[in-house]
Structure formats: C-alpha cells, structure tokens
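The lines below spell out each chain.
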Amino acid sequence: MSLSAALTSPATTPRILIVDDDLELRDLISGFLSQNGFEVHTAAGGREMDKVLGRGDISLVVLDYMMPGEDGLSICKRLNENSGPPVIMLSARGEEIDRIVGLELGADDYMSKPFHPRELLARIRAVLRRQESRGRDGGWGNGKTPLTHFFGWQLDNIKRTLTRPDGMQVALSNAEFELLRVFLDRPGRALSRDQILDFLHGPNTDSFDRAIDVQISRLRRKLSDDHNEDIIRTIRGIGYMFKPLK
Amino acid sequence: MAKSSANAQPQLISLPIFWQVMGLSLIVLALAVGINTWWVIDAPQPPPLGYRMTEAVDALKTGQAKLQDGRWLRAETTTEAPDYVKNPDRRSRQSAFQTLVAARLASDLGVPADTVWINFRPLHRNAPWRRHEHFAGEPSGGFLGDRTPGDHYAFAGSGAGPGALGGPASGAGPGQPGSAPPDAGQSDSGDGGPPAPPPHDAGAERPPESGFGREHDQALRFMQAEERGRTEILYPAFSAAWKLPNGSYRVINPPRTWIEPWQERLLMGFGLSVLLILPLAWLLSQRLSKPIVAFSEAAARVGFEDHSPPVLAAGPREVRAAADVLNAMQDRIKKQVESRTALMGAIAHDLKTPLARMRLRIEDLPEKTRDKLAEDIAHMDALIRSAMSFTSAHTLRDNLRPLDLSALVESLADDLAVTCKMDPPLIEPRVQVAGDTIALKRIVTNLVENACRYAGTCRMELSTHGKEAQISIVDPGPGLPPDNLETVFEPFYRLESSRNRDTGGSGLGLSVARALAEAQGGTLRLVNRYDADKIIGLEARLTLPRLVK
C-alpha cells in the first residue's frame, strides 16, 4: 500500500489496476494497456480492488465512476485519504459537474466514456510522470488540489476560472489562463517576453511580442482589485514580474 | 382577550366556504330585518295627514298655511274651474260628505255655500275611498283603513237621515242637533257602535239631489255644535275651489310630495341597514377571499422543475383541500422529472459503456474504417451528452454563483475567435450575474457556432437593460423565417429536413441552450434583424437577471 515504495522501486513496467463492473470493458482496456507496455490487473468492485491493492505495488488505478455497491467516488475518496495510488476516473456521465466533483475528491484525472484509447494511454503516462516528479518544481499537478490560492484570489485549474477575494467568479480565456499559470509557477521572478513565450508555447515559436502585451494587460485588468497593488508588475527593460507569494 | 380572539380567527376562517357564505348571508339577513323592525317599532307616531278647516280657510284667504305635518298648503288662483267644479260627481257616495264639508268651509270663509266646492282625492288609484278624519286629540290617529266606504257613508247618512224623514226641506228641527252628536260620537269613537240604519241600501239608492238642502243644513249645524265642544276636526286632505266674485277660482290642493313623511321614515330604515351592513359584508367578504387570492398567487409560483415552496394550506377547508391537491401534483411532477432524469442517466450510462467497448474494439481495424467508426461513436456520444444536459439542466439552479459576465464574454470571444471569424466584441464592463460559468460558456459557444455555421461570422455584444444583462450574438446571415424563430428551440428540430451531420449538431443544441438559460433564471430567444422589410441577419438574445449590489 505504500505509494513511495511503489514509486521508488525500479518499476520498469508500471502496474495498473482497472476497476470496472463491466467485464468486457475491463478486458478490452486491459488488453489495450498490456499491448502498450503495462502490467494490468483488474477488479470488478471495491472489495476486489482492496485485495489487489494489498500487493502494494500498484502504480495507478483506473476507476469506473458508476458501479454497483461502493461507487467510484467513494472509492476514490478512500484511496485519497489513505494516500493510495493516483486515480484516473472513468465515467459514463460526461457532465462537467461530475468531472469537477471527481477531481475535488482526489482523482488525478478524469475521462468520460467513450474515450479514445490512446488518450487514456497518454493520460496514464502523464499522471505517472507527475507522480514521479512530485516534490520537484512543477505545474499545478504538484499536489492533488485543482485550486491555487494567491492573495485572497483563487484559481480553479479545471474550470479555468478565477474567483476574486469577494467571491465573484471571473472567467479566463485559454490564453489568459496559460499565462497566469506561467506567472503563478514563477512568482517573484522577472520574466522577459521571450521567456514567457517559451513557457507558453515551447521554444522556437514565432509568436508575436505584442500579443503577449495585450494578453498581460487583459489579465491585469481581470486581476485588478481595489485593495491590492498590481499583482503583475512591469519591470522596465526586462518584462514582467508576478508579485512574490508570501 | 386579544389572544383568544387571535386564536378564534384562524378557526373561523378555516370553516368551509359553504358555512362562511351561509353564515354571512344569515347575518346580513338578520341585521337587515332586525334593523328595520326596530326602526319601524321605534318610529314615532307620524303626524296626521289632512288639515283642519281653519288651515284650509287660511290657505284660501292668505295664499298659504302651515300644516301639522310641517308641509305647506298653498292656494292658487286660476281662471278655469277645476274638473270637480265643472263635473260634480253627484253619484259618488262621498258627495254627501263633500257637500257637508263644502258647506262648512263656505261658512268659515263667510261666503255663500254655492261658491265653494270640495273634492276628496283617493289616496291611490285602486284603493276605495277611505275615511281619514279623526280628532287631532286622539292618540290613535284614527287611521281607519279597515272601514269600508259604506261605513263612511253611514256616518253622513245617519246624520242626515232623521232630518230627511222628519222635517221639511228648509226646516232644521230644533231637536235634530241634539240627536246628531250621539250618532256622530258613536261612529267616531270606534267600531263598536253599529250604524243606526242599514247604511248601504239607504245611502246608495237615495237620489243624492233629493235631500241635499236638508242634509247640508243639518250637517252644518252638527259640525258647528261639534266645534264648540271638541278640539278641531281634522279633515282628510281635500281639494277645494272657491269662486271669487270676479269669476276666477281660488284653489287649494292637498300638498303632494314625492315621498310621504311615513315613507321617508321607512326609507331611512333601509338606508341605515345598508350603512351598517355594507362595511360588515365588505370586511367579511374580504376575509373570505383573502386565502383564495393567496392560494392563487402561490399556485402561480408553482414551477414544474424548480424548487418552489409548496402552496400553503391555509384558509377555508375547500382552499386547503385544493392546496393539498396542488402540492401533491407538484410533488408528482417533481418525482416524474426526477425519474426522467434518472432514466436518461441510466440510458446514457448503459449506452456509453458499450460505446466505450466499441471504441476499444476498433483499435485493431484498418485506419480508414477505424476513423469513420470513431466519428460515428463521437457523434452518438455528443447526442447522448446533449440529451443528458437537457434533462438535468434544472439541477443547475442550486449551483449559481456570482460571476463577472463581462470577463466571461471577453474570454469566450477570445477563445472562440480561434474557431470562428468574429468581429471585435462590444462589452459593457463589470456586468455581474448569478450563473454557472460552464453552462454560460456552453450556451454562448453553441450560439456562436450556429452563427458561424449559417452566417460565417458574428459579433458578441454585452449590454444591460435595467435589471437585465443581455448577451447578443449578432450575425449578418440569412435570418430565419418568422415561423421558425420559436420552433428551432424544440428538441431535434432541424431547419433542413435532413439530419445531416455536416450542417448541424445533435439537434439539441438550442434546446439545451434554452434549458440552461432558463435554469439560471434567464431567457433565450432569436430575433431577425431588419433593414426596412428586408432581413439582414439574426440576433440571438440571452438575458440574465443582473446582480446589483
């Protein structure tokens, strides 16, 4: 059950546990993941899952949301409380609300059925990678919370929505969200436009400098607040700096 | 005391409407009857009608005289003789009495008897002549409605009778006056004394002319004797004409008013009842209608898919029963909606698992076939998703949060510009609503996608109108036939008859958008944009109640 043991052990083939009440789907996922280099175990429900988890070397659980008996959410919550392996939730209910609830209860990612098999593969790899890089300087995957707090503000990383200190929600465009994430991950560091572009789009992009200025001014406007001085400051001759977090 | 009455009120108001109306009617009836009964019984003696001889004389001489009942008797002078002077009705049974009174009047006036005429008017058309005379001093007033004309005539006749039998025309026997008073007294004192001779036959068949002079004289004498001993006689109202030496007539007529004094009294009784009953009836009726009004207002708030409070079961029993029925109905509808949502969820779940299996199964197929099948699966998935959001839209209502609509529209304009060519948005800053970010994004995304699909481009606008915020998606496209502006919101309605996936989505897009808008207390509608009579585009208007601090 020890997560760190599972991670620190030189596991060349990560072990995935699939928990789904549908036998055929279980077998299909299992077959697909096995083809792609994983060792796969399956369980039809919560109790069976506990038995397999007892082995202590499961790296990730793919969990169905809606199951007879103990449902996916409560299993997920249980795993999270016991610092169990990361969870990717599968749901037949594509509702956004379920997605958020699932993530808030501690799922690391979420996919709605029917899903693209290769996307599942990509997400499993991404979650495992995040697990490995845990503790290092990283993105919002650092920790399981999908919420980031700063100066009384709150950023919902799923909905891509800011909540002002007074509780008002402020929507962000995708570009603004990415930009804010770049700043939030590097508080108190002066960033040049080129650096910001690199963080946003990777190196060697031909994005326009001016576009960044527009995005930043918009983001500043949304972050403007009567009490706080500018959260994003302009550093003359260099670029921008996000106010250091306390 | 106040407490007990406060407790008694709801009990009273909770009686069935039947008993409340019944009680109200009975109270009103009892009050009306009671008030009028008291009013009539309590009424003072009405002043006697009619007038004394002296009053008639005063009126004829001076032009007017005040009567006992407060009215004025007025005299007029005419050149034309009244009807009863021209055509004296000598056959009438009253003629003898008339003659008698005329003689008395003439003597009081001090003029010859043949210059004065008298006419008694009947009180109303169908009533027989009624004897009205009585002595003013008598408390009863002698309103002798039960007397027949015969009785009256008997009085006149009995006075005249002995004279007619015993004396010559001119002779007024000295003994006659002596015999007359007892007769008259008998007749006037009441019903007790039988009229001496059989009155009817004698009076009716004797030619009136035959004993005219004698009757006249004797009656006159009797009257004069009366006057000496008793208070003045009150005569029933009569008309009189006095021929003046110059040939014109001086005429008095009984004062006629629209409402007689005694009628006045009765009408006042009615008025009093109305005044007393009206506020009471108004008060009680209002109390009766109040719970019904409250009920209808509560019933109007009953929404099928929202969590409106149950209608309060209060008031009369019938209203409480109706409220219970309504609440039960609302409950059933709510349950039905819930079970519909649950059913949709179950169907979706059971469809999506096989779809997920299919998606995994096709991985091994050749790429071309696999991609086509993947597309089909994606389409089915989208359809199921829309259907689910449509049925579960109402659950949104519980999750509304304050949000900055301006920021939302701006970010959407930004994001959607990648997939759809759009003009720069016109956004009013700092517009705030209570809503759901994801739902609002879905609505606007759907509207913008529609506009881009049919018009190629569009512009987003955010404005406020009073208490409402309005997001408009304005496009320069072909618009819609006016008949279709509403029908496009029906589930699975398509403008094109084909369910072609290339031109349309699931057919649920607008239905879902409207359901989501309504779940946030908003509205969504489409209007054509006109330039004169020509349609120059379509505008989708999403309104939401503003959040005002």
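Computed from a predicted model, the values in this text were never measured in an experiment.

Once that is clear, we can look at helix H6 (residues 117–132) of chain A. Residue and element names in this part refer to chain A. Compared with an ideal rise of 1.5 Å per residue, which puts 16 residues at 22 Å, H6 spans 23 Å between its outermost C-alpha atoms and is within 8% of the ideal. Listed as buried for H6 are Pro117, Leu120, Leu121, Ile124, Val127, Leu128 and Gln131. Buried residues of H6 fall within an arc of 130° about the axis and therefore sit on the same side.

Turning to unusual backbone geometry, a few remarks are in order. Look at the link from Lys113(A) to Pro114(A): it is a cis peptide, with omega at -5°. Its place among the elements puts Pro114(A) in the loop between strand S5 (109–112) and H6. Of note in the backbone geometry, Phe151(A) takes a positive phi value of approximately 50° without being a glycine. What makes Phe151(A) buried here is its relative accessible area of 17%. At Arg430(B), a position not held by glycine, the phi torsion is positive, near 55°. Among the secondary structure elements, Arg430(B) is positioned in the loop between strand S10 (422–427) and strand S11 (432–435).

The next point concerns the pattern of salt bridges. Scanning the model with the defined rule gives 27 salt bridges over all chains in all. Across the pair Glu119(A) and Arg123(A) runs a salt bridge, and its minimum N-O distance is 2.7 Å. Of this pair, Glu119(A) and Arg123(A) both sit in helix H6, four residues apart, which is roughly one turn of that helix. In this structure, Asp371(B) engages Arg370(B) in a salt bridge whose closest nitrogen and oxygen atoms are separated by 3.9 Å. You can call Arg370(B) buried: its relative accessible area is 12%. Residues joined in a network through salt bridges with shared partners are Arg218(A), Arg221(A), Glu410(B) and Asp414(B).

Take the environment of Ala515(B) next. Residues and elements named next belong to chain B. Relative to the helices and strands, alanine 515 is located in helix H16 (residues 509–519). In sequence terms alanine 515 and histidine 394 are 121 residues apart; their C-alpha atoms lie 7.6 Å from each other. Excluding anything up to four places from it in sequence, alanine 515 contacts Phe390 and Ala393.

Here we come to the packing of aromatic side chains. All names here are of chain A. Applying the stated criterion across every chain yields a total of eight aromatic pairs over all chains. Taken together, a centroid distance of 6.2 Å and an interplanar angle of 25° make the contact between phenylalanine 183 and phenylalanine 242 stacked. Placement of the pair is phenylalanine 183 in helix H7 (residues 174–185) and phenylalanine 242 in strand S12 (residues 239–242), with a sequence separation of 59 residues. For phenylalanine 242, a relative accessible area of 0% puts it in the buried group.

Quick look at the nonpolar core now. Residues and elements named next belong to chain B. Leu405, Ile443, Val448, Met460, Ile473 and Leu526 are the most contacted members of the largest nonpolar core, which has 47 residues in total. Among the secondary structure elements, those contributing two or more residues to this core are helix H13 (405–416), helix H14 (437–455), strand S12 (458–465), strand S13 (468–475), H16, strand S14 (523–531) and strand S15 (534–545). Setting aside residues up to four positions removed in sequence, leucine 526 forms contacts with Leu480, Leu485, Val488, Phe489, Leu510, Leu538, Glu539 and Ala540. Counting residues in hydrophobic clusters, the runner-up holds 29 residues, among them Ala106, Ile118, Phe120 and Tyr235.

Quick look at the interface of chain B and chain A now. At the interface, 33 residues of chain B touch 39 residues of chain A. Between chain B and chain A the total buried area reaches about 3300 Å² when both faces are included, carbon and sulfur atoms providing 54% of it. Run the count over chain B and chain A and you get six salt bridges. Those elements that provide at least two residues to the side of chain B that touches chain A are helix H11 (317–361), helix H12 (367–392), strand S9 (401–404), H13 and H14 of chain B. At nine residues, H11(B) tops the list of elements feeding residues into the side of chain B that touches chain A. Class assignment for the residues of the side of chain B that touches chain A results in eleven nonpolar, seven polar and 15 charged. With two bridges connecting them, strand S9 (residues 169–171) of chain A and S9(B) associate as parallel partners. The residue bridging Val170(A) from the neighbouring strand is Asp404(B), located in S9(B).

With that out of the way, let us pick up the sheet that holds S11(B). One open sheet accounts for six strands, arranged S6(A)-S7(A)-S8(A)-S9(A)-S9(B)-S11(B); its pairing is mixed. One side of each edge strand has no neighbouring strand; the edge strands of this open sheet are strand S6 (147–150) of chain A together with S11 of chain B. Each adjacent strand pair in this sheet contributes to an overall mean axis angle of 30°, direction not counted. Here strand S8 (residues 161–163) of chain A runs beside S9(A); their pairing, made up of three bridges, is antiparallel. By the bridge assignment, Thr163(A) is partnered in S9(A) with Gln169(A). In the packing of H7(A) onto the sheet, the strands contacted are S6, strand S7 (153–156), S8 and S9 of chain A, and the crossing angle to S7(A) comes to about 120°. On top of the sheet, H14(B) reaches S8 and S9 of chain A together with S9 and S11 of chain B; it is set at about 35° to S9(A), its chief contact.

This part covers the side chain of Thr353(B). Take Thr353(B): it is sitting in helix H11. Not counting the four nearest positions on each side in its chain, Thr353(B) is found in contact with Asp22(A), Leu25(A) and Lys113(A).

In this section: the state of the cysteines. Tallied over the entire structure, the rule returns one disulfide over all chains. In this structure Cys458(B) is a free cysteine whose sulfur lies 4.4 Å from that of Cys452(B), the closest cysteine sulfur available.

All right, on to helix H3 (residues 46–53) of chain A then. All names here are of chain A. Along H3, the residues that are buried comprise Gly46, Met49, Val52 and Leu53. Taken down its axis, H3 places every buried residue within 120° of arc, on the same side. Away from its buried face, by an angle of more than 90 degrees, H3 presents the exposed residues Arg47 and Lys51. In this structure, the buried residues of H3 make contact with strand S1 (15–19), strand S2 (39–43), strand S3 (60–64) and helix H4 (72–81).

Attention shifts here to the confidence of the model for chain B. Residue and element names in this part refer to chain B. Across chain B, the average pLDDT comes to 74, with 70% of residues at or above 70. The low-confidence segment residues 1–9, where pLDDT is below 50, has one contact with residues more than four positions distant or belonging to other chains. Contacts for the low-pLDDT stretch residues 123–211, under 50 throughout, to residues beyond four places or in other chains number 97 contacts. Among the scores for the predicted complex, ipTM is 0.71 and pTM is 0.56.

What follows covers the pairing of S7(A). All names here are of chain A. With four bridges connecting them, S6 and S7 associate as antiparallel partners. Bridge pairing in S7 places phenylalanine 150 opposite tryptophan 153. Counted along the chain from S6 to the antiparallel partner S7, the turn is two residues long, and its residue phenylalanine 151 has a positive phi close to 50°. For S7 and S8, the ladder comprises three bridges, and the chain directions are antiparallel. Bridge pairing in S8 links leucine 155 to leucine 162. In textbook terms, the turn of a hairpin is the stretch between consecutive antiparallel strands, and for S7 and S8 this stretch comprises four residues, one of which, arginine 160, has a positive phi near 60°.

Two quantities define a packed helix pair, namely the angle between the helix axes and the distance between the axes. All names here are of chain B. Axis separation between H13 and H14 bottoms out at 11 Å; the angle between their running directions is 45°. Here H14 runs oblique to H13, going by the angle between their axes. Regarding H13 and H14, the two cross each other, and that crossing is right-handed. Contacts between H13 and H14 involve Leu405, Leu408, Leu412 and Leu416 on the former and, on the latter, Thr437, Leu440, Lys441, Val444, Thr445 and Val448. Residue composition of the contact of H13 with H14, by class: seven nonpolar, two polar and one charged.

Conventions used here
- Residues numbered from 1 in each chain as written.
- Chains lettered and ligands numbered in written order.
- Predicted model: local features only at pLDDT ≥ 70, side-chain atom pairs only at ≥ 80, totals over all residues.
- Heavy atoms only, no water.
- Helix = DSSP H or I, 4+ residues; strand = E, 2+ residues; numbered from the N terminus.
- Expected span 1.5 Å × (residues − 1).
- Buried < 20%, exposed > 50% of the residue type's maximum accessible area, 1.4 Å probe, protein only.
- Arc of directions from axis to C-beta.
- Salt bridge = Lys/Arg side-chain N within 4 Å of Asp/Glu carboxyl O.
- Contact = heavy atoms within 4.5 Å.
- Phe/Tyr/Trp six-rings, centres within 6.5 Å; stacked < 30°, edge-to-face > 60°.
- Core = buried A, V, L, I, M, F, W, Y, C linked by side-chain atoms within 4.5 Å.
- Buried area = accessible area lost by both parts, 1.4 Å probe.
- Nonpolar A, V, L, I, M, F, W, Y, C, P; charged D, E, K, R; others polar.
- Pairing = 2+ DSSP bridges.
- Axes fitted to C-alpha atoms, helices over the stretch in contact; angles between N-to-C directions.
- Disulfide = S-S within 2.5 Å.
- pLDDT = per-residue confidence, 0-100.
- Parallel < 35°, antiparallel > 145°, perpendicular 65-115°, else oblique.
- Left-handed = near helix turned anticlockwise from the far one by under 90°.

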